[in-house]
Amino acid sequence: MKTSFLRHRLSSALAVVLATTCASPLALRAAETAGELPVEFAVLTHAPHVPPPIGRRHPARVIVNLEVKELVRRLADGVDYTFWTFGGEVPGMFIRVREGDEVEFHLNNSPDSKMPHNIDLHAVTGPGGGAASSFTAPGHSSQFSFKALNPGVFIYHCATAPVPMHVANGMYGMILVEPKDGLPPVDHEYYVMQGEVYTAGRYGEEGLQPFDPAKAEDERAPYVVFNGAVGSLVGDNALQAKVGDIVRIYFGDGGPNLTSSFHIIGEIFDTLYQESGLAVAQHNVQTTMVPAGGSATVEFQVQVPGTYILVDHSLSRAFNKGALGMLKVTGPEDKVVYSGKEIDEVYLGQASTAGSDASKREVALIAERKEAIASNPQIAGLSKEIQMERGKKVFLSACFACHQPDGKGLPGIFPPLAGSDFLKADKERAIRIPIKGLSGPIVVNGKPYNNLMPPQVFSDEQIADVLTYVMNSFGNEDGTVSPADVKRIRTQTQ
Amino acid sequence: MNVHLRRFALSAALAFFASVAAAQPEAGMVLIPTGPYAPLLVGKDDPTTVTVPAFCLDVRPVTNADFLAFVRANPKWRRSQLGPLFADPGYLGDWAGDLDPGARAPLASPVVRVSWFAARAFAAWSGKRLPATAEWERAASAGFTTTDGEHEPAYRDFVLDWFGTKSPSPLPAAGAGRPNFFGVHDLAGLVWEWVGDFNTALVSGDSRGDSGIDRQFFCSAGSVGARDTANYPAFMRAGFRSSLRASYVVPNLGFRCAKSIP
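Structure report, in brief. Please read these numbers as outputs of a predicted model, since none were measured by experiment.

### Description of the overall build of chain B
Part 1 of the reasoning: Looking only at helices and strands, one finds seven helices and seven strands in chain B.
Part 2 of the reasoning: Along the chain direction, N to C, the helices and strands of chain B fall in the order α-β-β-β-β-α-α-α-α-β-α-α-β-β.
Part 3 of the reasoning: Counting all 262 residues of chain B, 50% fall into the buried class.
Part 4 of the reasoning: Restricting the contact set of chain B to residue pairs at least 6 apart, pairs at least 24 apart contribute 70%.

### Comments concerning the overall build of chain A
Part 1 of the reasoning: Scanning chain A for helices and strands turns up 13 helices and 23 strands.
Part 2 of the reasoning: In chain A, which comprises 494 residues, the proportion classed as buried is 50%.
Part 3 of the reasoning: Contacts in chain A between residues at least 24 apart in sequence constitute 68% of all its contacts with a sequence separation of at least 6.
Part 4 of the reasoning: Summed over all atoms, the accessible surface of chain A reaches about 23,000 Å², with 55% contributed by carbon and sulfur.

### Regarding unusual backbone geometry
Part 1 of the reasoning: Going from Val90(A) to Pro91(A), the amide bond is cis rather than trans, its omega being 0°.
Part 2 of the reasoning: Within the fold, Pro91(A) resides in the loop between β3 (79-86) and β4 (95-98).
Part 3 of the reasoning: Omega for the bond connecting Ser169(B) with Pro170(B) falls within 30 degrees of zero, at 0°, which places this linkage in the cis form.
Part 4 of the reasoning: Among the structural elements, Pro170(B) can be located in the loop between α5 (153-163) and β5 (192-193).
Part 5 of the reasoning: Not every positive phi belongs to a glycine, and Asn445(A) is a case in point at roughly 50°.
Part 6 of the reasoning: In this fold, Asn445(A) is placed in the loop between β22 (438-444) and β23 (447-453).

### Considering the pattern of salt bridges
All names here are of chain A.
Part 1 of the reasoning: Following the criterion strictly, the structure yields 26 salt bridges over all chains and no others.
Part 2 of the reasoning: One salt bridge in this structure joins Arg-56 and Glu-40, with 3.3 Å as the shortest N-O distance. Of the two residues, Arg-56 sits in the loop between β1 (39-41) and β2 (61-76) while Glu-40 sits in strand β1, which places them 16 residues apart along the sequence.
Part 3 of the reasoning: Accessibility expressed as a relative area gives 8% for Arg-56, which makes it buried.
Part 4 of the reasoning: Two residues, Arg-61 and Glu-102, come together in a salt bridge whose shortest N-O distance is 3.4 Å. Placement of Arg-61 in strand β2 and of Glu-102 in strand β5 (residues 102-109) is noted, with a sequence separation of 41 residues between them.
Part 5 of the reasoning: Residue Glu-102 is classed as partly exposed on the basis of its relative accessible area, which comes to 30%.

### Description of the sheet that holds strand β18 (residues 287-290) of chain A
Residue and element names in this part refer to chain A.
Part 1 of the reasoning: Strand order in the open sheet made by the five strands is β13-β21-β20-β15-β18, with mixed pairing throughout. In this open sheet, the two strands that pair with only one neighbour each are β13 (239-242) and β18. Taking each pair of neighbouring strands and ignoring which way they run, the sheet shows an average axis angle of 20°.
Part 2 of the reasoning: Pairing of β13 with strand β21 (residues 324-330), which is carried by four bridges, proceeds in the parallel orientation. Bridging across to β21, Leu-239 finds its partner in Leu-327.

### Thoughts on the side chain of Glu196(A)
All names here are of chain A.
Part 1 of the reasoning: Note on placement: Glu-196 falls in strand β10 (residues 188-197).
Part 2 of the reasoning: Arg-317 provides the closest opposite charge to the buried, salt-bridge-free Glu-196, at an N-O distance of 7.2 Å.
Part 3 of the reasoning: If sequence neighbours within four positions are ignored, Glu-196 has contacts with Ala-168, Ala-221, Tyr-223, Val-224, Gly-255, Pro-256, Asn-257 and Leu-258.

### Comments concerning the packing of helix α2 (residues 64-73) of chain B against helix α3 (residues 116-125) of chain B
Packed helices, taken two at a time, are described by their axes: the angle between them and the distance between them.
All names here are of chain B.
Part 1 of the reasoning: At a closest axis distance of 11 Å, the pairing of α2 and α3 adopts a crossing angle of 85°. Accordingly, the angle class assigned to the pair α2 and α3 is roughly perpendicular. Of the residues in α3, those touching α2 at Asp-66, Phe-67, Ala-69, Phe-70 and Ala-73 are Ala-118, Ala-121, Phe-122 and Trp-125.
Part 2 of the reasoning: Grouping the constituent residues of the contact of α2 with α3 by class yields eight nonpolar, no polar and one charged.

### Considering the packing of aromatic side chains
Part 1 of the reasoning: Enumeration according to the criterion identifies 37 aromatic pairs over all chains in this entry.
Part 2 of the reasoning: Considering the side-chain rings of Phe67(B) and Phe122(B), the 5.7 Å spacing of their centres and the 15° angle between planes classify their relative orientation as stacked. Of this pair, Phe67(B) sits in helix α2 while Phe122(B) sits in helix α3, and the two are 55 residues apart along the sequence.
Part 3 of the reasoning: By relative accessible area, Phe67(B) is classed as buried at 0%.
Part 4 of the reasoning: Grouped by ring-pair contacts, the aromatic residues Phe67(B), Phe70(B), Trp77(B), Phe86(B), Trp95(B), Trp116(B), Phe117(B), Phe122(B), Trp125(B), Trp194(B), Phe198(B) and Phe255(B) constitute a single cluster.
Part 5 of the reasoning: Across the ring face of Phe422(A), the terminal group of Arg429(A) is positioned such that the distance to the ring centre comes to 3.5 Å.
Part 6 of the reasoning: Directly above the aromatic system of Phe144(B) lies the positively charged group of Arg178(B), at a separation of 4.0 Å from the ring centroid.

### Re a nonpolar patch on the surface
Part 1 of the reasoning: Among the surface-exposed residues, Ile265(A), Leu315(A) and Phe319(A) lie close enough to one another that they form a single nonpolar patch of about 270 Å² accessible area.
Part 2 of the reasoning: Among the structural elements, Leu315(A) can be located in helix α6 (residues 315-320).

Analysis parameters
- Residues numbered from 1 in each chain as written.
- Chains lettered and ligands numbered in written order.
- Predicted model: local features only at pLDDT ≥ 70, side-chain atom pairs only at ≥ 80, totals over all residues.
- Heavy atoms only, no water.
- Helix = DSSP H or I, 4+ residues; strand = E, 2+ residues; numbered from the N terminus.
- Buried < 20%, exposed > 50% of the residue type's maximum accessible area, 1.4 Å probe, protein only.
- Contact = heavy atoms within 4.5 Å.
- Areas by Shrake-Rupley, 256 points an atom, 1.4 Å probe, with all protein chains shown as cover.
- Salt bridge = Lys/Arg side-chain N within 4 Å of Asp/Glu carboxyl O.
- Pairing = 2+ DSSP bridges.
- Axes fitted to C-alpha atoms, helices over the stretch in contact; angles between N-to-C directions.
- Lys, Arg positive; Asp, Glu negative; His and termini not counted.
- Parallel < 35°, antiparallel > 145°, perpendicular 65-115°, else oblique.
- Nonpolar A, V, L, I, M, F, W, Y, C, P; charged D, E, K, R; others polar.
- Phe/Tyr/Trp six-rings, centres within 6.5 Å; stacked < 30°, edge-to-face > 60°.
- Lys NZ or Arg CZ within 6 Å of the ring centre and 35° of its normal.
- Patch = residues over 30% accessible without salt bridge, like charges linked within 9 Å, V, L, I, M, F, W, Y side chains within 5 Å.

Right under this line is the structure:
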């Protein structure tokens, strides 16, 4: 913060003097002879932080000093890995310049490095993106310059053979070339990069893990992580915002191989700039695909407090390989935008095991619910018309075979239901017949019958419905039968 | 090299037996018999395998003690005496003084932070020469127990582990590592090593014009024309060599000497 303040306030001459303590002699020499453009030193930041906006409305000669360091770092709890880094962390340090700036780049390879390294910045127009000019043995420094012609958000990476290994070991980062007029102000800017790590051991296997070239060739990564390690953006390291803030995330995919399905659980990207460009915006995007060696810029306002999860929505990577991050939003609730949980109740579904406590409770609940419905025709929608309609279906599924579709029965064999004095005389007996069946001699409308009707396998509701139908059809006009009536009679007869 | 190749193509077997009979390797060296070397990077018309004539190779890298004897005898190669043309600043940078390796450069450890010029001068002084890339790679292509280290899993893992591990400081003693099939120590696992023709790491010195491959070893240029893109150790060595210039001094770069068979 202090550095940015100084950068904005001090003259370029002062800035050069200020930087003499940390700049290489080579950089200083170049700075002194730069000519007409004002000279300044780029502010570089480690992820997830982003250097402050340029604020300048004129081009400058910007000096970037980036040191390559090879070092052992935590990949996951109990798991270490020898990372090769631009600036000591993964991803590499974020570089921010302005369209039209002339960038003087110094790549310094630490004397402790085992490998030669270089840098290919996708923001560079020229063969190799600077790689050929920045190839640097351990303990050496290379300088090259380029003009930032194209505004956008660009990846940089090491391009030394074997390139997939150098990238998989953490050698990627981002450079933002601000458009001439800058970017709209937001409340927070964050820097997140995805990358895979090809360890010899499986996910979570403890100890210092070597690189596995066979897994890299097959693109079988045990780890897919944000910002260089499992858990680099969770807990105390989570991204932060307050309700109402607008958040901008520069999201890059270092690869080396996998394309990201970048998504934030619980947020919609109000604005998305796909790929590198910042000119064309897409709105209301749920998930955006970010290619290996590519980037996306997303902006969204946070309306509701809580924790939002950044994921690669290719979900095994998120939940089995580490590609998870968090954005924590604090502030007052907005119950209209999001209510929080309103009801929490038992849902037993269809899958309870017979005999289990859950299934017993389920049976009890079903009975309770039926009772409540039966005792309240209004809730049940149990009008006579509905019962008649349902009862007709029951009648036509069984009863009509003997009593005939018109309810007149067959003389001497099956007694009639139409205009039946036997039916009308005793409602409880009428209910009992389909439950228990009926045999032996009876007299209906003055004519004798002696046959057998077996018990019917109908539910209480079905019996109530079919009796209501019969008692109000074929010229009959009588009352209704409720499931509760049937249940009572059934209980009595058993 | 081509002269050698032609000679051995004519009478390889004869030359081999004659040379073995003629020269027992001197102390501290072993004979690497005539054999094949498959260059990592080959042009369209280049042979995929070349024959490397028998030669003698130091069993271990040159140590600080060895190099101390050299600078005692040759004052102009002492740290304070050497001009910038022949070594960058930092030459023998771990040493405590001109004639005092000191604690950071134990006598038995390999000498590092020496330029190609200094390595070559040492070799000449000791009656030897720097190995050619083909010779060095031929010797290093052997594993612990076979001549084909690339397909010897334990050896390949050993080599890859070293690439992914920081070098200890100070460096361990030279010659302490497990010898390879030819009896040579530390071709992997200790330090990088200069070769006489390090600056021809990519195909050949004049290949740029006709093959279109950039001399610099980056991105796809590094794998265009590669014989075996899966041979990571060979890639890394080729990459390392191509990052060097003759005046460079690098903290984990040493050398060893070779000798032709008369």
